[in-house]
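Structure assessment
Spelled out, the chains give:
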Amino acid sequence: MTWRHDFSPPSLSWRFIPIWRRNFLVWRKLAIPSILGNLADPAFYMLGLGYGLGGLLPQVAGVPYMTFLAAGTLCYSTMNSATFESLYSAFSRMHVQKTWDAMLNAPLELDDVMLAELAWATSKSVLSGVAILVIILALGLSHSWLLLWTLPLLVLIGFCFTGMALVMNALSPNYDFFMYYFTLVITPMVLLCGVFYPVAQLPAFLQSAALWLPLTHAIELGRPLVQGELPQRIGVHASVLLAYGSASFYLALVLVRRRLLK
Amino acid sequence: MAVSTGEDLLPVLTASALRKRYGAKEVVAGLDLALAPGECFGLLGPNGAGKTTTLRLLLGLTRPDGGTISLLGLPVPDQARQARVKVGVVPQLDNLDPDFSVAENLMVYGRYFGLSDAAVAARIPELLEFADLTGRADAKIETLSGGMKRRLTLARALVNDPDVIFLDEPTTGLDPQARHMMWQRLRRLLGEGKTILLTTHFMEEAERLCDRLLIMDRGKAITTGAPRDLIAAHIEPHVVEIYGGEEKPDCAASCQRQERVGETLFCYATDPHDLLAQLQQQCKLRYLHRPANLEDVFLKLTGRDLRD
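What you see is a predicted model, and the numbers here were worked out from it, not measured in a lab. (Residues numbered from 1 in each chain as written. Chains lettered and ligands numbered in written order. Predicted model: local features only at pLDDT ≥ 70, side-chain atom pairs only at ≥ 80, totals over all residues. Heavy atoms only, no water.)

1. So, the packing of aromatic side chains
- Within this structure, the stated rule accounts for 17 aromatic pairs over all chains.
- Centroid distance Phe-177 of chain A to Tyr-180 of chain A: 5.7 Å. Interplanar angle 65°. Geometry classified as edge-to-face.
- A residue is classified by how much of its surface remains accessible, and Tyr-180 of chain A, at 53% relative accessible area, is exposed.
- Among the aromatic residues, those joined into a ring-pair cluster are Phe-84, Tyr-88, Phe-91, Tyr-175, Phe-178, Tyr-181 and Phe-182 of chain A.
- A cation sits over an aromatic face here: Arg-156 of chain B above Tyr-109 of chain B, 4.4 Å from the ring centre.
- Note that Arg-257 of chain B overlies the ring of Tyr-268 of chain B, its terminal NZ or CZ placed 4.1 Å from the centroid. (Phe/Tyr/Trp six-rings, centres within 6.5 Å; stacked < 30°, edge-to-face > 60°. Buried < 20%, exposed > 50% of the residue type's maximum accessible area, 1.4 Å probe, protein only. Lys NZ or Arg CZ within 6 Å of the ring centre and 35° of its normal.)

2. Notes on the sheet that holds strand β5 (residues 74-76) of chain B
All names here are of chain B.
- The sheet built from four strands is open, its strands ordered β2-β1-β4-β5 with antiparallel pairing. The sheet terminates laterally at β2 (25-35) and β5, the two strands that pair on one side only. Going across the sheet, the axis of each strand differs from the next one's by a mean of 30°, ignoring polarity.
- Here strand β4 (residues 66-71) runs beside β5; their pairing, made up of three bridges, is antiparallel. Along β5, the bridge assignment pairs Ser-70 with Pro-75.
- Running over the sheet, helix α1 (residues 51-58) touches β1 (13-22), β2, β4 and β5 and is turned about 120° from β1. (Pairing = 2+ DSSP bridges. Helix = DSSP H or I, 4+ residues; strand = E, 2+ residues; numbered from the N terminus. Axes fitted to C-alpha atoms, helices over the stretch in contact; angles between N-to-C directions. Contact = heavy atoms within 4.5 Å.)

3. Considerations on helix α11 (residues 234-260) of chain A
- Counted at 1.5 Å a residue, the expected span for α11 of chain A with its 27 residues is 39 Å, and the 38 Å between its end C-alpha atoms agrees.
- Listing the buried residues of α11 of chain A in full gives His-237, Leu-241, Gly-245, Ser-248, Phe-249, Ala-252, Leu-253, Val-254, Val-256, Arg-257 and Leu-260 of chain A. (Expected span 1.5 Å × (residues − 1).)

4. Quick word on the nonpolar core
- Residues Leu-215 of chain A together with Leu-33 and Phe-166 of chain B are the most contacted members of the largest nonpolar core, which totals 162 residues.
- The greatest single-element share of this core, amounting to 15 residues, is contributed by helix α4 (residues 65-96) of chain A.
- In contact with Phe-166 of chain B, not counting residues within four places along its chain, are Leu-13, Leu-55, Leu-58, Leu-59, Leu-71, Val-87, Gly-88, Val-89, Val-90 and Leu-197 of chain B.
- Counting residues in each nonpolar core, the second largest holds eleven residues, with Leu-265, Leu-275, Leu-276 and Leu-279 of chain B among its members. (Core = buried A, V, L, I, M, F, W, Y, C linked by side-chain atoms within 4.5 Å.)

5. Description of the confidence of the model for chain B
All names here are of chain B.
- Chain-level statistics for chain B give a pLDDT mean of 92 and a share of 96% at 70 or above.
- Note on residues 1-7: pLDDT is under 50 here. Beyond four places in sequence and across chains, it has one contact.
- Scored as a whole, the predicted complex attains pTM 0.93, and scored at its interfaces, ipTM 0.93. (pLDDT = per-residue confidence, 0-100.)

Written out as structure tokens, the structure is:
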């Protein structure tokens, strides 16, 4: 009989907002180092690799390497932020600090808590994406109005990777467990999905593998926008991100219900 | 303002034939309980008796395998969320937000109840006063002592002005001063007409605070009643504990019941006069004469075997 409740669809309500505000208040206290991390880390990557490696390359896919790399970094940095927040920070709240338990004693449901985690990690990852946009504008790498369309894309990327990471959070016995996810999921994505070079450079079997990874689809949308072009097959790429995010979020919800409401 | 109506007589919380099973183990095995408004009800039992699971069931945090629960007139777990609007919970382990100050903890928790920032802000001074934390509004959680954290957790549970307060082992780990302070606060809440359900290992705590209690073991209620009545029903009024490894006198004739635990002999007597006279002749013996208490009842009913 509890089986039916574990698998019921998410019950979505505005009650997630006070929880989102709680996380925002914590973030605000650490805002300066957090924003610095959002800006400085990817900026060094872009400057180091962009000048260092870019100087050796004539052009990549028709644009200066720095511009090519900027679009990759935009998507990759957003993914990273969503992932870290939904693994380490969400796990601290759920398992270590028992913040979720305190919330569940109030008139809130686990579904409210999970929706809040989804909304919060997505918000935070959008913010780190925006930090990259600031760097892109500051370095004069793009002047296109199409760049504004990366904002909804950042939301979609945040949603997708938060959902995926929340599955790991629901399964994890401790912080060390997340290493599996980084080694087996995140690292292959960073290296195979076109962050640093076009996917077309890879042998055919790796290209087909990359097609299954959501970051590839994020970059397929983000790179043309940064370069001032309209992406191709927008519907397909957006659907892949949406599907990964929704399916993962539902799975995470079922798993976490079984974990905490037993 | 509080006009007494017929509704006041209805139980605040009832559970009947409650069951919860984890794998092969039935952790709650057919439990019935009812809390009257304004009473302090204690749930007692050794480790693993099913106390915490019972609390989780009553709050709607886990679904029972059988039985029914009604909390503040609402069916649990189906409408548990609505019921929790008027419930306060003090968990076994403090889960205050370590990133926040004392006042921020109260503010953020109040928002979970849908209260406006202004409403919570107006309530914070009296909550701080209640927790004896006036002047510590901006203190970080890590700077608070164990007793202060516990009182803040209690104040946090009152942010929504609840009708019922659940406390899971509220004084475990506190020093005697902090424990007495906590008891005083709980009595004040009872004086204000709140209903309290608490679990505890401390018989002294249960005896002092609870109007009624239920002793449970292996998921079942063993007995229920007022502390004084339970003591009178199960234990002779006088207890004499005789210590030491020396040869003990034969007390069988001068007491109703005796029990040897390690090197200590417990004698239970209706009239201890003869027994005490007998002991006074053996000046080398160390002994203690005391009235029967709840711990005697607890140990008699649940046994002396270790449970963890």
